[in-house]
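Examination of the molecular architecture
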Amino acid sequence: MIGQHESVSGAHFAFTDRWGGVSAAPYEELNLGGAVGDAPEAVRGNRELAAESLGLDPARVVWMNQVHGADVAVVDEPWGDRPVPEVDAIVTARRGLALAVLTADCVPVLLADPVAGVAAAVHAGRPGLVQGVVPAAVRAMTELGAEPARIVARTGPAVCGRCYEVPEAMRAEVAAVEPAAHAETSWGTPAVDVSAGVHAQLDRLGVCDRAQAPVCTLESDDHFSYRRDRTTGRLAGYVWLD
Ligand SMILES: [Zn+2]
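About the cut-offs
Residues numbered from 1 in each chain as written. Predicted model: local features only at pLDDT ≥ 70, side-chain atom pairs only at ≥ 80, totals over all residues. Heavy atoms only, no water. Pairing = 2+ DSSP bridges. Helix = DSSP H or I, 4+ residues; strand = E, 2+ residues; numbered from the N terminus. Contact = heavy atoms within 4.5 Å. Axes fitted to C-alpha atoms, helices over the stretch in contact; angles between N-to-C directions. Buried < 20%, exposed > 50% of the residue type's maximum accessible area, 1.4 Å probe, protein only. Donors = N, O, S within 2.8 Å, 3.2 Å for Na, K, Ca; no water. Tetrahedral: all angles 85-135°; square planar, octahedral: opposite > 155°, others 65-115°.

Moving on, we get to the sheet that holds strand β1 (residues 2-8). Strand order in the open sheet formed by 5 strands is β1-β2-β13-β6-β3, and the pairing between neighbours is mixed. Each edge of the open sheet carries a strand with a single partner, namely β1 and β3 (61-62). Pairing of strand β2 (residues 11-16) with strand β13 (residues 235-241) involves 5 bridges; the strand directions are antiparallel. Its bridge partner lying in β13, F13 is registered against V239. Running over the sheet, helix α1 (residues 40-54) touches β1, β2, β6 (98-103) and β13 and is turned about 40 degrees from β1.

Of the two faces of strand β9 (residues 152-155), the one holding V152 and R154 and the one holding A153 and T155 are both buried throughout. Two strands pair when backbone bridges link them, and strand β7 (residues 107-113) and β9 are joined in this way by 4 bridges, in the antiparallel orientation. From the neighbouring strand, L111 faces β9, where its bridge partner is A153. Examined bridge by bridge, β9 and strand β12 (residues 209-212) share 4 bridges and lie parallel to one another. The residue bridging V152 from the neighbouring strand is D209, located in β12.

Bound to the zinc ion are the protein donor atoms C160 (SG), C163 (SG), C216 (SG) and E219 (OE), situated 2.0 to 2.3 Å from the metal. Coordination at the zinc ion is tetrahedral: its 4 donor atoms span angles of 101 to 118 degrees at the metal. Ordering the donors of the zinc ion by residue number gives the pattern C-x2-C-x52-C-x2-E. Taken together, the residues span a long stretch of sequence, with C160 in the loop between β9 and α4 (168-177) and E219 in the loop between β12 and α6 (226-229) at a distance of 59 residues.

Below, the structure is given as structure tokens:
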């Protein structure tokens, strides 16, 4: 259910695994993604179960319509009846409002400045890394009073650099923007390490309190992996402030 839950000075960071939900194969069990072909009532039930286990009101969890871009939305309440915007980062200065990001191999990035009371959830795949969605989210946080030196950053389960094979030209294109993402698969072919790239971007911005989940989604039977299974569920990362 909740694979990892950490609290730092009133900021909460949680990442789910694939177990403990009600979805049937191939989305078993805790699929939290609403756009992957799973039954809507199963997703709704899973979101309630996950929120409950975190002590959150499911109606106070804000989700995104993720599109592999670099746009950021600032939110201070749930979307309600409004359309969910197509963004890959959401930022809030509202304590108690939880922000959620969906992934299955991409990097879920959770950020919080507990002093300023500003949090962000970011979806960073290879396109987001190249477009700078994480720096864009940090900029939006600083506009709301956060300071990079106070930001706590946690990245969740994602496909690792030894598994994420790409064509040579694609690796070169990513490495031209972010050299730290240059990687090689365990079988010796070109690869991209998105998590390493994200952490390098955060480091350059002055975000020092960083940690990376040790899990590779593609190698883990306890996590959804799009690269491995194609039709599968989505994991979620949640961040909120007391
Ligand atoms: Zn791996």
